[in-house]
Amino acid sequence: DKAPLSKSLLLVPSAISILLTLLFQQYQKFFAYNLQAIKEDFQVWRLICGRTVCLDLKDTFCSSLLIYNFRIFERRYGSRKFSSFLLGAWMLSALFDLLLVEAAQYIFGITINSLPSGFLGPVFALFVPFYSSIPRVQVAQVLGHFSITNKTLVYILGLQLLTSGSYIWILALSGLVSGIFYNSSILKIHRILCVPSWVAKIFSWTLEPIFSSAEPTNEARVGMGATVDIQRQQRMELLDRQIMMSQVAQMRRQRQQQGGMINWNRLFPPLRHRHNANYQDHRPSEQDTPPPTEVSEEQVARLMEMGFSRGDALEALRASNNDLNVATNFLLQH
């Protein structure tokens, strides 16, 4: 949703790549990124065909996953600005491809006649804003030293794509350099290499209705966060809330069958006396009794919306030190 350009880049080149690999192998030569044919025979059209469609299905799969993860930038900046970045990175990376090939031949004596095909330069260029603007959030730790973050999978995909071919490092380097150049506020390249407004309107009228996705209607609307992780967290919270609501009726019936109020002294002694290792079942003295915790009426209302009584909600929040998640879990589990 809200990323038609990313969807088109995900579907169209992938479909053409699969067709060329499985059914029309005789036409693969027209999509080869042949630098020798471009320089000597002036086949400039190969810059478009050879730098758009992958001829290796592994590259197609990895680049498609990366484009899917990078759709956050189209949602954040809009389709026009996102397409301007891709256009600028595509043109700059094409220039850097030729320069790096000439430099490799001049310095190392390596003659490179062709490079891996596909929309790889702009994909590698997107790692620049991904590194600089997407916050790093730790998800887990491996062996106590290696951190797993929300960006680890994307970097692993980029590494897999980088190691898929012999000369793909040239495309990766040219893509990263073009991304740095385009993002530079000093060079002002983004003001020169941009999609005109009238072109953006034409594509908005013609192609956007084809590739746009309808907003999901079978789920409650969730406000869009600033990053993919915030959106994923909001969606997980919504699903957790739905699961809780589905369990409420059954838990209420079980409590009614047991009769009366819940025995909070049985449920929450560890919470109320977590610092007292020698806690016993007798009632504490007035001097040891802590002052009652102030309960938020908003949290009480949220628990009552789930079907719990006001008394149970108040006791659960007080016993859990006004922690809504802990109170909800105990209410559902008991």
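Just so it is clear, the structure is predicted and the values come from calculations on it, not from any experiment.

1. Concerning the packing of aromatic side chains
Each aromatic ring pair is described using two quantities: the centre-to-centre distance and the angle formed by the ring planes.
For step 1, the next point in the chain: Summed over the entire model, instances satisfying the criterion amount to 13 aromatic pairs.
For step 2, the next point in the chain: With a centroid separation of 6.1 Å and 40° between ring planes, the pair formed by Phe70 and Phe73 is classed as tilted. Phe73 shares its class with Phe70; the two are buried.
For step 3, the next point in the chain: Considering the side-chain rings of Phe70 and Phe127, the 5.3 Å spacing of their centres and the 85° angle between planes classify their relative orientation as edge-to-face. Linking Phe70 in the loop between helix H4 (57-69) and helix H5 (71-77) with Phe127 in helix H8 (residues 127-133), this pair joins segments that are 57 residues apart in sequence.
For step 4, the next point in the chain: The class for Phe70 is buried, based on a relative accessible area of 0%.
For step 5, the next point in the chain: An aromatic cluster of three or more residues is present, and its members are Phe70, Phe73, Tyr77, Phe124, Phe127, Phe130 and Tyr155.
For step 6, the next point in the chain: Stacked on the ring of Tyr68, the Lys or Arg Arg71 has its end atom at 3.9 Å from the ring centre.
For step 7, the next point in the chain: Sitting over the face of the ring of Phe130, Lys151 holds its NZ or CZ atom 5.1 Å from the ring centroid.

2. Structural notes on a nonpolar patch on the surface
For step 1, the next point in the chain: Together, Ile18, Leu19, Leu22, Leu23, Phe24, Tyr27, Phe30, Trp45 and Leu57 make up a nonpolar patch on the protein surface, roughly 850 Å² of accessible area in all.
For step 2, the next point in the chain: In terms of residue count, the dominant contributor to the nonpolar patch is helix H1 (residues 4-22) (three residues).
For step 3, the next point in the chain: When you line up the elements, Tyr27 lands in the loop between H1 and strand S1 (33-34).
For step 4, the next point in the chain: Classification of Tyr27 as partly exposed rests on a relative accessible area of 41%.

3. Some words on the packing of H4 against helix H9 (residues 152-162)
Helix packing geometry: the angle between the two helix axes and the distance between the axes.
For step 1, the next point in the chain: In the contact formed by H4 and H9, the axes pass within 9 Å of each other and the chain directions differ by 150°. Compared by their axis directions, H4 and H9 come out roughly antiparallel. Crossing of H4 over H9 shows left-handed handedness. On H9, the residues touching Asp59, Cys62, Leu65, Leu66 and Asn69 of H4 are Val154, Leu157, Gly158, Gln160 and Leu161.
For step 2, the next point in the chain: Split into classes, the residues belonging to the contact of H4 with H9 amount to six nonpolar, three polar and one charged.

Definitions and cut-offs
Residues numbered from 1 in each chain as written. Predicted model: local features only at pLDDT ≥ 70, side-chain atom pairs only at ≥ 80, totals over all residues. Heavy atoms only, no water. Phe/Tyr/Trp six-rings, centres within 6.5 Å; stacked < 30°, edge-to-face > 60°. Buried < 20%, exposed > 50% of the residue type's maximum accessible area, 1.4 Å probe, protein only. Helix = DSSP H or I, 4+ residues; strand = E, 2+ residues; numbered from the N terminus. Lys NZ or Arg CZ within 6 Å of the ring centre and 35° of its normal. Patch = residues over 30% accessible without salt bridge, like charges linked within 9 Å, V, L, I, M, F, W, Y side chains within 5 Å. Areas by Shrake-Rupley, 256 points an atom, 1.4 Å probe, with all protein chains shown as cover. Salt bridge = Lys/Arg side-chain N within 4 Å of Asp/Glu carboxyl O. Axes fitted to C-alpha atoms, helices over the stretch in contact; angles between N-to-C directions. Parallel < 35°, antiparallel > 145°, perpendicular 65-115°, else oblique. Left-handed = near helix turned anticlockwise from the far one by under 90°. Contact = heavy atoms within 4.5 Å. Nonpolar A, V, L, I, M, F, W, Y, C, P; charged D, E, K, R; others polar.

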